[in-house]
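Observations on the three-dimensional arrangement
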Amino acid sequence: MITVLIADDHAAVRTGIRLVLEGASDIRVVGEAADGRAAVALAEEHRPDVVIMDIRMPRLDGIEATRQLAGLTEILVLTTFDLDEYVFGALRAGAAGFLLKNTDAATLVEAVRLVAGGDGLISPQVTRKLISAFARTRPAAVPENLTARERDVLSCLGRGLSNAEIARALDIAEPTVKTHVSRVLGKLGLQSRAQAAAYYAGM
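Residues numbered from 1 in each chain as written. Predicted model: local features only at pLDDT ≥ 70, side-chain atom pairs only at ≥ 80, totals over all residues. Heavy atoms only, no water.

1. So, the layout of surface pockets
Approximately 300 Å³ is the volume found for the second largest pocket. Lining the second largest pocket are 18 residues, and of these E74, G94, A96, Q191 and S192 lie nearest its centre. Going through the elements one at a time, α9 (174–188) and α10 (193–201) are the ones with two or more residues in the lining of the second largest pocket. Here the residues of the lining of the second largest pocket are counted per class, giving eight nonpolar, seven polar and three charged. (1 Å grid on protein atoms, 1.4 Å probe; cavity = no way out; pocket = protein on both sides within 12 Å on 5 of 7 lines; lining within 4 Å. Points joined across faces, edges and corners; volume = space filled by probe spheres on them. Helix = DSSP H or I, 4+ residues; strand = E, 2+ residues; numbered from the N terminus. Nonpolar A, V, L, I, M, F, W, Y, C, P; charged D, E, K, R; others polar.)

2. Description of the pairing of strand β5 (residues 97–100)
Within a regular strand, the side chains alternate between the two sheet faces. Of the two faces of β5, both are covered, the one formed by G97 and L99 as well as the one formed by F98 and L100. With four bridges connecting them, strand β4 (residues 74–79) and β5 associate as parallel partners. Pairing of L78 across the sheet is with L99, part of β5. Crossover handedness for the path β5 to helix α5 (residues 105–116) to strand β6 (residues 121–122): left-handed. (Buried < 20%, exposed > 50% of the residue type's maximum accessible area, 1.4 Å probe, protein only. Pairing = 2+ DSSP bridges. Right-handed = clockwise from strand over helix to strand, strands pointing away.)

3. Things to note about the pairing of strand β3 (residues 50–53)
Where burial is concerned, the two faces of β3 agree: the one with V50 and I52 and the one with V51 and M53 are both buried. Here strand β1 (residues 2–7) pairs with β3 via four bridges, running parallel. In the sheet register, V4 faces β3, and the bridge partner there is V50. With respect to chirality, the unit in which β3 leads through helix α3 (residues 62–69) into the neighbouring parallel β4 is right-handed.

This is the structure:
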């Protein structure tokens, strides 16, 4: 069972998200928070698999809340705004995914599953921003310190494959995929699979 905490300052939005998620048999909502501080406190208490995090909230914004929770739980940002400062701020803070609130119910549910499983999912509008940014700043070629296998994994990340799909494509175990993904991110100085995909797309 995937446990989820919903953080949004609008009660109606939280209710809508809860209704969508509770329609899935493998997802359980363990709490709701109306501001960033409450989100951090509740996440530390309940240790959910995923926190669905709004950006603009009182007392503590979603980016700082994400930074404080990085490593404790997976963060899926769900916001109305796709401003560059929010997109890059959230991903640098450690968010595993970034979706806009016009996302349909099925996509939101699948995003929660992917993020809980160690994968990521980024709104297409946001992906274009990332590709543009990395195309301006990335080196001209893949760094030579990546092994051949790590280059293969980067290619798979660039195609948006999940860990399970990468394992099948490269005929390796899924835990091995997770290790390679971590090494690729570390060597490229990236914070998330989403950044890796954007990096590869800009090559």
